[in-house]
Amino acid sequence: MKVLIIGSGGREHALAWQCANFSEVTHVFVAPGNAGCALEKKISNVKINSEDIPALIEFAKYESIDITIVGPEAPLVMGIVDDFCQQGLAIFGPSKQASQLEGSKAFCKDFLQRNNIPTAFYKVFTETEKATNYVKEKGTPIVIKADGLAAGKGVIIASTLQEATDAIEDMLEGNRFGDAGSRVVIEEFLTGEEASFIVMVDGVNILPMATSQDHKARDNEDKGPNTGGMGAYSPAPCVTDAIYDQVMDGVIRKTVDAMQSEGMPYTGFLYAGLMINKKGEIKVLEYNCRFGDPETQPIMMRLKSNLAQLCLSASQGTLDTQSAEWDDRTALGVVMAAKGYPNSYKKGEKIELPQEPLDSKIFHAGTIENQGNILSNGGRVLCVTSLGYDIKDSQKKAYDLIKNVKWQTPYYRTDIGFKGVST
């Protein structure tokens, strides 16, 4: 089986690495990939941008790829799945129409509301004055979201009216997120535990992945600016058996059935970002149409089944014939970012990596290879991930490994997993 993974981040390195672990998979190509992918056995990078759909189609045909797995959201929203399917190529991901669940926060919120799926109160605006008046009416703290794709950074939690006004003006008038911010969604600020609930869907059938919890804030104790994610662990202790059943029945199943009945059947990874309050009540914060990053890294460390086969079956509508087997241990990943992320940061810093212990893996994200050296080439650069018998054990292993990474100015949180440790 030949596999093509589309994307260049830590998520794609983890997906490719997991697929390559199985003998049925003869080779994995990653387009465009990163320096870490190129170091793996049976994995090769392909110099094709993840949004160059015609070139990806030609490559998949030329190499007789058996299944393509899409990592990032942008090509999904562009319609890569529709284009591949029109060419008779097997691909796992949602259609352009179904990808609106992530591509437009307004679409997602409207979908949740009309299908009675629990979510925060909200309203959509294109005018600064009306948006600001709504904040005055509702009070702060409140959440301001760019409607479109903003690489996980288009969400501002405003503690004061001034912060909310600045965020609204920045998006609607300052063009901070380009077209993604031409509409804003203003919604209720929810408190509780966040969890990531990811499943595979083939249009009808659902196969849950392991639960996880990530840390979006840049700094310790979940403080500082919002990022794409600074670390994650799996499983999430806050997702009890009762909450798991509640999510599957009241959120995931309802969503898949509603997408089918509304004429846009959902195939692909479906990621529900959840808020769980102290009473055990859940609300959907957002939907993503792909695996999360950095949740993918610890989840892939625990997955013992062949992901490529699961994706192929799902693309054929036979996910009900498959099951997923998991390592009972906990996995935890710590993101090492460039100093200054998520704002301006330097690239091109040399990184020397230690030998990986058997129960640990350093997944690459923003890295490139130059004359035999690994250099930083992005905001989130590495995700150091370890398996342990509980969160505390996997946490210790990950941070012990980080100490052996030679890099002049990395930035990382020192408390990833602190919520799980305290439960």
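No experiment lies behind these values; they were computed from the predicted model shown.

**Quick look at the overall build of the protein**
Of regular secondary structure, the protein possesses 14 helices and 25 strands. In summary, the protein has a C-alpha radius of gyration of 20 Å against a globular reference of 22 Å for 423 residues, a match within 12%. In terms of principal-axis extent, the alpha carbons of the protein reach across some 60 × 50 × 40 Å. Relative to its 423 residues, the protein shows a buried fraction of 58%.

**Side note on the nonpolar core**
Formed by 65 residues in total, the largest nonpolar core has its most connected members in V3, V28, I67, I69, M200 and L307. For this core, the leading source of residues is strand 18 (residues 330-338), giving 7 residues. Among all residues touching L307, those that are not within four sequence positions of it are L15, Q18, C19, M200, F269 and M300.

**Examining the pairing of strand 17 (residues 282-288)**
Strand 17 sits mainly inside the fold: 5 of its 7 residues count as buried. With antiparallel pairing between neighbouring strands as the criterion, strand 16 (residues 267-276) and strand 17 make up a hairpin whose turn holds 5 residues, including G280 at a positive phi of roughly 80°.

**A short note on the pattern of salt bridges**
This model, assessed by the stated rule, comprises 27 salt bridges. R218 is the partner of D219 in a salt bridge, and the nearest nitrogen-oxygen pair spans 2.8 Å. A relative accessible area of 19% means that D219 is categorised as buried. Residue class for R218 comes out partly exposed when judged on its relative accessible area of 21%. The residue R253 makes a salt bridge to D257 at a minimum N-O spacing of 3.1 Å. Placement of both R253 and D257 in helix 10 (residues 241-261) is noted, with a separation of 4 residues, approximately one turn of the helix.

**Describing the side chain of T255**
Within the secondary structure layout, T255 lies in helix 10. According to the relative accessible area criterion, T255 is buried, its value standing at 1%. A distance of 2.6 Å separates the side chain of T255 from the side chain of Y287, its partner in a polar contact. Dropping the residues within four chain positions of it, T255 is found in contact with L101, F111, I117, L270 and Y287.

**Overview of the pairing of strand 14 (residues 223-226)**
Sheet analysis places strand 13 (residues 217-219) next to strand 14, joined by 2 bridges and oriented antiparallel. If you follow D219 over to strand 14, its bridge partner there is K223. The antiparallel hairpin formed by strand 13 and strand 14 contains 3 residues in its connecting segment, where E221 sits at a positive phi of about 60°.

**Some points on helix 1 (residues 10-20)**
Burial analysis of helix 1 places 11 of its 11 residues in the buried class, which makes it a mostly covered element. All of the buried residues along helix 1 are G10, R11, E12, H13, A14, L15, A16, W17, Q18, C19 and A20.

**Some thoughts on the sheet that holds strand 19 (residues 350-352)**
Remark on secondary structure: sheet strands pair via backbone hydrogen bonds, oriented parallel or antiparallel. Strand order in the open sheet formed by 4 strands is 21-22-19-24, and the pairing between neighbours is antiparallel. Every other strand in the sheet has two partners, leaving strand 21 (367-370) and strand 24 (406-407) as the edge strands with one partner each. Pairing analysis gives 2 bridges linking strand 19 to strand 24, with the strands arranged antiparallel. The residue bridging I351 from the neighbouring strand is W407, located in strand 24.

**A closer look at the packing of helix 8 (residues 128-138) against helix 9 (residues 161-172)**
Where helix 8 meets helix 9, the axes come as close as 10 Å, and the angle between the chain directions of the two elements is 155°. Taken together, the axes of helix 8 and helix 9 lie roughly antiparallel to each other. Both helix 8 and helix 9 take part in a crossing whose hand is right-handed. Together, T128, A131, T132, V135 and K136 of helix 8 and L161, A164, T165, I168, E169 and L172 of helix 9 make up the contact between the two elements. A per-class count over the contact of helix 8 with helix 9 returns 6 nonpolar, 3 polar and 2 charged.

**Here we look at the environment of K304**
Tracing the backbone shows K304 in the loop between helix 11 (296-302) and helix 12 (307-315). Taking C-alpha positions, K304 is 8.6 Å from Q18, a pair spaced 286 residues apart along the chain. Filtering out sequence-adjacent residues up to four positions away, K304 remains in contact with F22, E325, W326 and D327.

**Details of the sheet that holds strand 6 (residues 122-125)**
Spatially, 6-9-7-8 is the arrangement adopted by the 4 strands of the open sheet, whose pairing is antiparallel. Sheet topology places strand 6 and strand 8 (155-158) at the edges, where each strand pairs with a single neighbour. Ignoring strand direction, the axes of neighbouring strands in this sheet form an average angle of 20°. As paired elements, strand 7 (residues 142-146) and strand 9 (residues 184-188) share 5 bridges and run antiparallel to each other. Residue pairing in the sheet places I144 in a bridge with I186 of strand 9. Together, strand 6, strand 7, strand 8 and strand 9 form the strand contacts of helix 9, whose direction differs from that of strand 7 by roughly 10°.

So, how was this worked out
Residues numbered from 1 in each chain as written. Predicted model: local features only at pLDDT ≥ 70, side-chain atom pairs only at ≥ 80, totals over all residues. Heavy atoms only, no water. Helix = DSSP H or I, 4+ residues; strand = E, 2+ residues; numbered from the N terminus. Rg over C-alpha atoms; globule rule 2.2 N^0.38 Å. Buried < 20%, exposed > 50% of the residue type's maximum accessible area, 1.4 Å probe, protein only. Core = buried A, V, L, I, M, F, W, Y, C linked by side-chain atoms within 4.5 Å. Contact = heavy atoms within 4.5 Å. Pairing = 2+ DSSP bridges. Salt bridge = Lys/Arg side-chain N within 4 Å of Asp/Glu carboxyl O. Polar contact = N/O pair within 3.5 Å; in protein donor to acceptor, adjacent residues only side chain to side chain. Axes fitted to C-alpha atoms, helices over the stretch in contact; angles between N-to-C directions. Parallel < 35°, antiparallel > 145°, perpendicular 65-115°, else oblique. Left-handed = near helix turned anticlockwise from the far one by under 90°. Nonpolar A, V, L, I, M, F, W, Y, C, P; charged D, E, K, R; others polar.

Keep in mind these numbers describe shape, not what the thing actually does.
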